[in-house]
Structure formats: structure tokens, C-alpha cells
Amino acid sequence: MIVSDVDGLPVRLRAPHDLSFTARWGSVFAVLDQQDSGNLCLGVEGPAGRVFVKYAGAPTARYDGVIETAVGSLRGAAEVYRALAHPSLVTLREAVDVGGGHALVFDWTDATPLGRQYERAHVVRSLSLPARVDAVRQILDFHVHAAALGWVAIDLYDGSVMIDAESGRVVLCDLDFYERAPVVNRMGRMWGSSRFMSPEEYELGAPIDEVTNVFVLGALAHTFMGDDATKSRAAWVGSDAQFDVAARAVRPGRDARWPSVAALAEAWRAASFATGA
């Protein structure tokens, strides 16, 4: 492991890599170098404002795969952000081959990432109950939009969600592996956090579709309203009706879940309206 320097900030890599290309956007003010995806993420500030640069091509500290594979995956991910453009999705400014690899450049956001690895659970707990309920609604509404366009969520988890604690606005990010339907499980155990994965995401050849996405979205409701690890009623802060909606979403049997993301979203709205939250 070596420690490189970019604009006075340390970057941990497995081998030297020229990062001078970042100057095209300005000066680096933030470094995220511990992802296991093969991507190096940087906050850069320049004349066009702050941007978030996700770059594949460097020998990152925690990636065990082939660098060219990471580059190809990131290059293909640009289509996801272009096709699914939405107020709740980070805005892609450009996708460019640079520095011997590839970079996606997004608008910067000061929203707080909620993945367990960031240890920001207190941010969710600080939100009012109506704000928590509405955050779930925003996540569901985006995925109704995605499903209507024929896309399936892959590797969606709490680390894909950011929230502005002051406004309550949800910002979704890191959706690189979303795919156009139809999708089948080609891996056995797929990418993702086990807290959010349905049984079919462990089963080679199983369909991965809206009903699969209903499961992860139900689990994300527990991220905001309870405990996404236990999914227990005891940890739930919302109403019984809201809990029942989320509980149906995370049932192991596909036929026992909500039949579509739109059906889940509508049930959530109805349960929330009934309780005034």
C-alpha cells in the first residue's frame, strides 16, 4: 500500500497512479478511497462549482478485481443515470475517458449518506416522523419511475441513500448496477448487503424483477422507520398499518409480497394518509 497526494490530500492506493487529470475540474477537497468496487471517489471544486468524481482506473486499496473490469462497469453505468434522470437521483454532468480510465462526474450534494459504514444512523433518528415517512415515499416514487421505464434495481441498499436532514430531501446515488428488464440471477449470491437481499438474490437462475425490488424497498422502509436488520415490530416507530405494508414487502415468498413497486407505493401512501403521517 502506498499513500499518494492529490492537492494536499492523502490517497491510499496499491500502486502509484497519476491523478493530475482531476485538475480539469478544479482542486480536490475530499477523498473516498476505501470502496471495494474499484472506484476512487473525489470531491472537486472549481469554476463550475463542486462536483463528485467517480473514477475507475486506479489500483484502489480494497478492490481485488481486474482494473479493466471496473473501468468497463463504470463506463456502462452512465446509461443508468441518463435513462433514470429524476429529482431524487444524483445528476450526472458528464462521463469521460480520462487518466487511463473512466470517470462519471456528478453534481455535488451535501446530503448525508446513510450506509451503515458511514455511521450516520443518528441522522435518521433526528428526523421527525413525518419526514421519515416522506423519505420512504420519495424512495418508492423513484423506483415506480424506474420500473415504469423497464429498469430493475440491483445492489440497492442503505448506502445508496443520502438525505438532507434540513429539507428532508432524499438523494439516491451509486445505482451503477441497475439493469433493464428482464433480469435473471447469473451469480448465485448477488451483489448487495444481506439486510436488503431477497431469497431470489441468492438463487442462481431466479428472476430478478419488480417483486424482488419490492423486498429491498420494504427493507429500506425499516431503515427509516425501525431496524433493517431485525425488521421487528418492536423497533418500528410508525403505525401498525405502515408496518404491515413493509412487512408484506419483505416476505420470503414472492407470491406473498406486493405484486409491483407501484402497488407497494400506493399501499404506503394509503397507510400514511390514514394515520396523518
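Computed from a predicted model, the values in this text were never measured in an experiment.

A.B. asks: Is there a simple way to think about unusual backbone geometry in this case?
C.D. replies: Only a minority of non-glycine residues have a phi that is not negative, and only a minority of peptide bonds are not trans. With an omega of 0 degrees, the peptide bond between A181 and P182 qualifies as cis. By the secondary structure assignment, P182 is in the loop between β12 (179-180) and β13 (183-184). Positioned with a positive phi, D7 is a non-glycine residue whose angle comes to about 50 degrees. Position of D7 relative to the elements: it lies in the loop between β1 (2-6) and β2 (9-13).

A.B. asks: Help me out: how do you make sense of the packing of helix α3 (residues 129-148) against helix α6 (residues 261-275) in this one?
C.D. replies: Angle between the axes and distance between the axes are the two parameters that describe a pair of packed helices. As a packed pair, α3 and α6 sit with axes 9 Å apart at the nearest point and diverge in direction by 155 degrees. Here α6 runs roughly antiparallel to α3, going by the angle between their axes. The chirality of how α3 crosses α6 is left-handed. Contacts between α3 and α6 pair V133, V136, R137, L140, D141, H143 and V144 from the former with V261, A262, L264, A265, W268, R269 and S272 from the latter. Residues that form the contact of α3 with α6 fall into these classes: 9 nonpolar, 2 polar and 3 charged.

A.B. asks: How should I be thinking about the packing of aromatic side chains in this particular structure?
C.D. replies: Two aromatic rings are characterised by how far apart their centres lie and by the angle between their planes. Enumeration over the complete set of coordinates arrives at 8 aromatic pairs. With 4.6 Å between their ring centres and 45 degrees between their planes, F21 and Y55 make a pair best called tilted. Here Y55 lies in strand β5 (residues 49-56) and F21 lies in the loop between β2 and β3 (27-32), a separation of 34 residues in the sequence. Relative accessible area serves as the criterion here: at 10%, F21 is assigned to the buried category.

A.B. asks: Help me understand empty space enclosed by the protein in this model?
C.D. replies: Empty space among the atoms becomes apparent when a probe as large as a water molecule is rolled across them. Taken as a whole and assessed by the stated rule, the structure comprises 3 cavities of 30 Å³ or more. The computed volume of the largest cavity comes to approximately 50 Å³. What lines the largest cavity is simply A153, I154, D155, L156, F196, E201, T212, N213 and V216. Of the residues assigned to the lining of the largest cavity, the class counts are 5 nonpolar, 2 polar and 2 charged.

A.B. asks: Quick question: what am I supposed to make of the sheet that holds β5 here?
C.D. replies: Within a sheet, neighbouring strands are paired by backbone hydrogen bonds and run either parallel or antiparallel to one another. Pairing in this open sheet of 5 strands is antiparallel, and the strands run β3-β4-β5-β7-β6 from one edge to the other. A strand with exactly one partner marks an edge of an open sheet, and here the two such strands are β3 and β6 (92-98). Strand-to-strand, the axes of this sheet are offset by a mean angle of 25 degrees, without reference to chain direction. The pairing of β6 with strand β7 (residues 101-107) spans 6 bridges and is classified as antiparallel. Along β7, the bridge assignment pairs V98 with G101. Of the strands in this sheet, β4 (39-46), β5, β6 and β7 are in contact with helix α1 (residues 67-83), which crosses β7 at around 30 degrees.

A.B. asks: Hey, could you run me through the packing of helix α4 (residues 210-225) against α6 in this one?
C.D. replies: As a packed pair, α4 and α6 sit with axes 9 Å apart at the nearest point and diverge in direction by 30 degrees. Taken together, the axes of α4 and α6 lie roughly parallel to each other. Contacts between α4 and α6 involve E210, N213, V214, L217, G218 and M225 from the former and V261, A262, L264 and W268 from the latter.

A.B. asks: Looking at this structure, how should I read the pairing of β4?
C.D. replies: Two faces belong to every sheet, and in a regular strand the side chains alternate between them. Burial runs high along β4: 6 of the 8 residues are buried. Pairing analysis gives 5 bridges linking β3 to β4, with the strands arranged antiparallel. Residue pairing across strands places S27 opposite E45, the latter belonging to β4. With antiparallel pairing between neighbouring strands as the criterion, β3 and β4 make up a hairpin whose turn holds 6 residues, including G38 at a positive phi of roughly 90 degrees. Note: β4 against β5, 8 bridges, orientation antiparallel. The residue bridging L40 from the neighbouring strand is Y55, located in β5. Between β4 and β5, which pair antiparallel and follow one another directly, the connecting turn spans 2 residues.

Here is what the cut-offs are and how they apply
Residues numbered from 1 in each chain as written. Predicted model: local features only at pLDDT ≥ 70, side-chain atom pairs only at ≥ 80, totals over all residues. Heavy atoms only, no water. Helix = DSSP H or I, 4+ residues; strand = E, 2+ residues; numbered from the N terminus. Axes fitted to C-alpha atoms, helices over the stretch in contact; angles between N-to-C directions. Parallel < 35°, antiparallel > 145°, perpendicular 65-115°, else oblique. Left-handed = near helix turned anticlockwise from the far one by under 90°. Contact = heavy atoms within 4.5 Å. Nonpolar A, V, L, I, M, F, W, Y, C, P; charged D, E, K, R; others polar. Phe/Tyr/Trp six-rings, centres within 6.5 Å; stacked < 30°, edge-to-face > 60°. Buried < 20%, exposed > 50% of the residue type's maximum accessible area, 1.4 Å probe, protein only. 1 Å grid on protein atoms, 1.4 Å probe; cavity = no way out; pocket = protein on both sides within 12 Å on 5 of 7 lines; lining within 4 Å. Points joined across faces, edges and corners; volume = space filled by probe spheres on them. Pairing = 2+ DSSP bridges.

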